[in-house]
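Reading the structure
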Amino acid sequence: MRVNAERKLARRNYRLRPEPSAASLLQLGFVSIVRRLKSAENSTLVRRPNRPWPLVTIAGMALMLALLTVTRSARAEEPDLMETLIAQDVTLNNNLSPFEPRWERGPEGEHLGFGFGVEKKLSEDLGLDLNGEWDRTSPRGGHSSSGLGNVEVGLTYVFLHIPQGGFQFAISSSVSIPTNSKLGADRSYTQSGNAIAWGGRLSDFPTGGWRKYLRAIEIQGDIGFSRTFGGDNGYDFFFDPEIDYSMPFLNQSTDGAVPWMLRYLTPFAELNFDRVVGHGPNGPLSVFLFPGLTFTAEKFRVAVGAQVAMNHEAARNQQVAAVVSILVFLDQIDPRFGWNPL
């Protein structure tokens, strides 16, 4: 699964309202997660895949914390596009991704990863990404193993801006370097990738009548390929179209008419097409559906999504996956983070 660094979606004024009961729930949730991880470390033989309850607990706590840290005030600025979780994002920002748990289940077992990363805007059209991940694999009937995964460095250059709807196009290149030669039975290899990404909003529709609700539709996606140096994987071609509906934008464009509980949400759906071409026979096409929901406050964003196999080939490799993404907007914490060196 390709998961990118996160970026700012909206800016809002907020205040943190202390809730003793919420703090107790958060403490109990973290204790539960730590106990489950320690229990998994003490067991070297996995007879049955672990259930993804730690990830579900994290998602619930993240959404609850988000609800506690927003106010009912309306936005004055037009919000940015929602950042995609799998497709390469077309926009540039200064963001920190401190904690991004991901859980995957397939016919051969389970995989649990905890991603982290930072995105820095170097200029108005150039951005730098640095990402890493801690991985744990639990094969069916085999030994569990864990360790630091690949470290990825990427550059994104926005080469075209279209004023209508704020559409823009970017090219992205990245290299992924392994920190371990082997994780369990799986060997790690150096990878490189290139993609063209696009994104924009249908904000040119009229502001009156029923068509004003179409202005909040956002269309994004990418197309590209990655190459593995070593092994027998060859080239991996991918295409990831995405559509979402920005309640923050609808709320801003209708002067705060969206109900409070909805104005911070952006539901989205993404399709992921993937095919391996290279050494030996070419692989068949894998298709995944990735629906989810984002919650955006002034200084952070929480996103939750699930990836489901849509055809037989996809189910052979991965049956289901879940992602919880927590993103901090650095330039909203301190404007000095918004400095561009180029």
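The structure we're discussing is the one just above.
What comes next is a walk through the structure. All figures in this text were calculated on a predicted structure; none of them were measured in a lab. (Residues numbered from 1 in each chain as written. Predicted model: local features only at pLDDT ≥ 70, side-chain atom pairs only at ≥ 80, totals over all residues. Heavy atoms only, no water.)

Section: the environment of S226
The test is simple: Secondary structure follows DSSP: runs of H or I at least 4 residues long count as helices, runs of E at least 2 residues long count as strands, and numbering of each begins at the N terminus. Contacts are assigned to residue pairs with any non-hydrogen atoms lying within 4.5 Å of each other.
Tracing the chain through its elements places S226 in strand β10 (residues 217-229). Distance in space between the C-alpha atoms of S226 and V276 is 9.4 Å, their sequence separation being 50 residues. Once residues within four sequence positions are removed from consideration, S226 is found in contact with S192, G193, G234, Y235, D236 and F238.

Observations regarding a nonpolar patch on the surface
How we decide: Exposure above 30% relative accessible area and the lack of any salt bridge qualify a residue for a patch; like charges then connect within 9 Å, and the nonpolar side chains Val, Leu, Ile, Met, Phe, Trp and Tyr within 5 Å. Computed with a 1.4 Å probe, the accessible areas rest on the Shrake-Rupley method; for each residue, only the protein chains presented here act as cover. Salt bridges are defined as contacts in which a side-chain nitrogen from Lys or Arg sits within 4 Å of a carboxyl oxygen from Asp or Glu. Burial classification: accessible surface area is computed with a 1.4 Å probe over protein chains only, and a residue below 20% of its type maximum counts as buried, one above 50% as exposed, and the rest as partly exposed.
A cluster of nonpolar side chains, Y157, F159, L160, I162, I171, I196, I223 and F239, forms an exposed patch at the surface whose accessible area comes to about 660 Å². The biggest single contributor to the nonpolar patch is strand β5 (residues 151-162), with four residues. In this fold, L160 is placed in strand β5. Owing to a relative accessible area of 36%, L160 belongs among the partly exposed residues under this scheme.

Some details on the pattern of salt bridges
It is possible for side chains of opposite charge to pair when their charged atoms get near one another. This model, assessed by the stated rule, comprises six salt bridges. We note a salt bridge from E100 to R102, for which the minimum N-O separation is 2.6 Å. Across the pair D334 and R336 runs a salt bridge whose closest N-O atoms are separated by 2.7 Å. Under the relative-accessibility criterion, R336 is labelled exposed at 69%.

Thoughts on the pairing of strand β2 (residues 109-121)
Spelled out, the test is: Only strands that DSSP links by at least two bridges are regarded as paired with each other.
Of all 13 residues in β2, 10 are buried; the element is thus mostly enclosed. In sequence, strand β1 (residues 95-106) turns back onto β2 through a hairpin of two residues. Looking at chain direction, β2 and strand β3 (residues 126-139) are connected through 13 bridges and run antiparallel. Among the inter-strand pairings, G113 is bridged to a residue of β3, identified as D135. Count of turn residues in the β2/β3 antiparallel hairpin: four residues.

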